[in-house]
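# An overview of the molecular structure
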Amino acid sequence: MAIISLINLKGGVGKTTCAVALAETLAGHFKRNILVIDLDPQTNATIALVGVARWEQANRAGQTIRQMFLDEFVPREQRSFTIANCFIPRASNVEECQPHLWVLPSSIDLIGMEALVELVRSASEYRVEPFEVLSQHLTPSVARAFDDILLDCPPSLNAITLNGLFLSDAFLIPVIPEPVSTLGIPQILSRVRGLRRAFGREVPALGILVNRFDNTSMKNGPHTQICAQIAETPGYPPLFATYLSERQKPVLALRYEIATRTLQEKYHEPGHSSARTLPTDEALRRIAGEVLERCAALPTA
Ligand SMILES: Nc1ncnc2c1ncn2[C@@H]1O[C@H](COP(=O)(O)OP(=O)(O)O)[C@@H](O)[C@H]1O
Ligand SMILES: [Mg+2]
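Here goes a summary of the coordinates provided. In this text, all values refer to a predicted model and were calculated from it rather than measured experimentally. Residue positions are given per chain, counting from 1 as you read along its sequence in written order. Starting at A for chains and at 1 for ligands, labels are handed out in the order in which the entities are written. Under the rules for a predicted model, residues below a pLDDT of 70 receive no local features and side-chain atom pairs below 80 are neither given nor counted, while totals for whole chains, interfaces and linings still include all residues.

## Some points on the overall build of the chain
Test applied: Only runs of H or I of at least four residues qualify as helices and only runs of E of at least two qualify as strands under DSSP, and these elements are numbered from the N terminus. Residues are treated as contacting if the C-beta atoms built from their backbones sit within 7 Å of each other.
The number of helices and strands found in the chain is 14 helices and 7 strands. Overall size of the chain, expressed as C-alpha extent along the three principal axes, is 65 × 45 × 35 Å. Sequence-distant contacts in the chain: of pairs separated by 6 or more residues, those separated by 24 or more amount to 77%.

Put into structure tokens, the structure is as follows:
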């Protein structure tokens, strides 16, 4: 059992795309029971996995992480959030994934409430730290129902993201191999390391996942060079050996309305042999396999 947060301080690098596609691959191909926790108020992972109608229903019923944070501001006897009631089953628009995939939804109504979450400690009569709220609910006995838990995070290390990191066994950094995207890596690493004292332990990095790799323009083009630079930088977590290329099919990860029966139908597209890219479904299987291997090697596993 591993709990993994997908983190990058930059938006648009594919955190949500990778969280959804990897969750589906782990569920559909590896037949592991997967929980996706959507910590991003943008709610993209939730909508991608359960669609608008089921999200609206959950949101109206207060069965999202928004209610979980709001409950910290009222006395215990008035609280309504029960995590087990909020896992939406049969997530994903890929039929073969549905028996193995659950979502703890986010809420668009959480937008702008990040500052409120920072205030949890002063509001709480129990002196709960702002980063401890999720861990109070996602206890080890609740988490054990799943084989793996993936957390899709907002593009910052705000109090909401820290709730995910605090209970994670490791974090994974998706990057686009472009200077603007990779410049933030040292900042992520040092800020996560800086949490060691508050958390009482270090959260290790699982690795850097190259996304939107595009080397078609020239042989040994800039993407290849940037990946080599990342791989050679001392102190950086290891790159995943398989990259996710800039293609059409990864885009479908976030398109709930286009349902399929199998993962292959959703993600198969031929590789470009000239650019040495794999078909997208094959790349996802290899990356998911590497994630499992690296999780098994974690000291906590
Ligand atoms: N491998 C890829 N190929 C093509 N488009 C991609 C790929 N990965 C992500 N995208 C697109 O990039 C945009 C941002 O992705 P998203 O997962 O929302 O990033 P983040 O969660 O980091 O903000 C989306 O429009 C998505 O469809
Ligand atoms: Mg996102």
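Okay, back to it.
## Here's the deal with the environment of Asp-147
In plain terms, the rule: Exposure in this text rests on C-beta crowding, where 20 or more other C-beta atoms within 10 Å of a residue's own make it buried, 12 or fewer make it exposed, and counts in between make it partly exposed. The C-beta atoms are placed from the backbone.
Locating Asp-147 in the fold gives a position in the loop between α7 (140-143) and β4 (148-152). Exposure remark for Asp-147: the 17 C-beta atoms within 10 Å place this residue in the partly exposed category. With 120 residues separating them in the primary sequence, Asp-147 and Ala-27 have C-alpha atoms 9.5 Å apart. Apart from residues no more than four positions distant in its own chain, Asp-147 is found in contact with Met-1, Arg-32, Asn-33 and Ile-34.

## Observations regarding the pairing of strand β1 (residues 2-6)
Going by this rule: When DSSP finds two or more bridges between two strands, those strands count as paired.
The buried count for β1 comes to 5 of 5 residues, which makes it a mostly enclosed element. Across the two faces of β1 the burial is the same, with Ala-2, Ile-4 and Leu-6 and Ile-3 and Ser-5 all buried. As judged from the 3 bridges shared by β1 and strand β5 (residues 170-175), these two strands associate in the parallel manner. Directly across from Ile-4, in β5, lies its bridge partner Ala-170.

## Some remarks on the site of ligand 1
Quick note on the threshold: Any residue whose backbone-placed C-beta atom lies within 6 Å of a molecule or strand is treated as near that molecule or strand. Any residue outside Ala, Val, Leu, Ile, Met, Phe, Trp, Tyr, Cys, Pro, Asp, Glu, Lys and Arg is labelled polar, Gly included; the first ten of those are nonpolar and the last four are charged.
The full set close to ligand 1 counts 16 residues, and Gly-14, Lys-15, Thr-16, Thr-17 and Pro-250 are the nearest of them. When contributions to the shell around ligand 1 are tallied by element, the ones reaching two or more residues are α1 (15-28) and β6 (205-213). If you tally residues by element for the shell around ligand 1, the top one is α1, at 3 residues. For the shell around ligand 1, the per-class residue count stands at 5 nonpolar, 7 polar and 4 charged.

## Some remarks on helix α14 (residues 280-296)
What counts here: Here, expected helix span is obtained from the residue count minus one, scaled by 1.5 Å.
Helix length check: α14, at 17 residues, gives a terminal C-alpha distance of 24 Å against a target of 24 Å (1.5 Å per residue), a fit within 8%. Residues Thr-280, Asp-281, Ala-283, Leu-284, Arg-285, Ile-287, Ala-288, Val-291 and Arg-294 constitute the buried set of α14.

## Quick word on the packing of α1 against helix α2 (residues 44-60)
Note the cut-off: Think of each axis as a best-fit line through the C-alpha atoms, taken over the contacting stretch in the case of a helix, with angles from 0 to 180 degrees between the N-to-C directions. The crossing is said to be left-handed when, going from far helix to near helix, the turn is anticlockwise and less than a right angle, and right-handed when the turn is clockwise.
Their axes nearest at 9 Å, the elements α1 and α2 cross at an angle of 35 degrees. The handedness of the crossing between α1 and α2 comes out as right-handed. For the pair α1 and α2, the contacting residues are Thr-16, Ala-19 and Val-20 in the first and Asn-44, Ala-45, Ala-48 and Leu-49 in the second. Here the contact of α1 with α2 is built from residues that sort into 5 nonpolar, 2 polar and no charged.

## Some details on the pairing of strand β3 (residues 101-104)
Burial along β3 is two-sided: the face carrying Leu-101 and Val-103 and the face carrying Trp-102 and Leu-104 are both buried. Note that strand β2 (residues 34-38) and β3 share 4 bridges and pair parallel. Bridge pairing in β3 places Ile-34 opposite Leu-101.

## Let's talk about unusual backbone geometry
The phi angle at Lys-31 is positive, at roughly 55 degrees, despite the residue not being glycine. Along the chain, the position of Lys-31 falls in the loop between α1 and β2. Of note in the backbone geometry, Arg-90 takes a positive phi value of approximately 50 degrees without being a glycine. In this structure Arg-90 comes out as partly exposed when scored by C-beta crowding, with 15 C-beta atoms within 10 Å.

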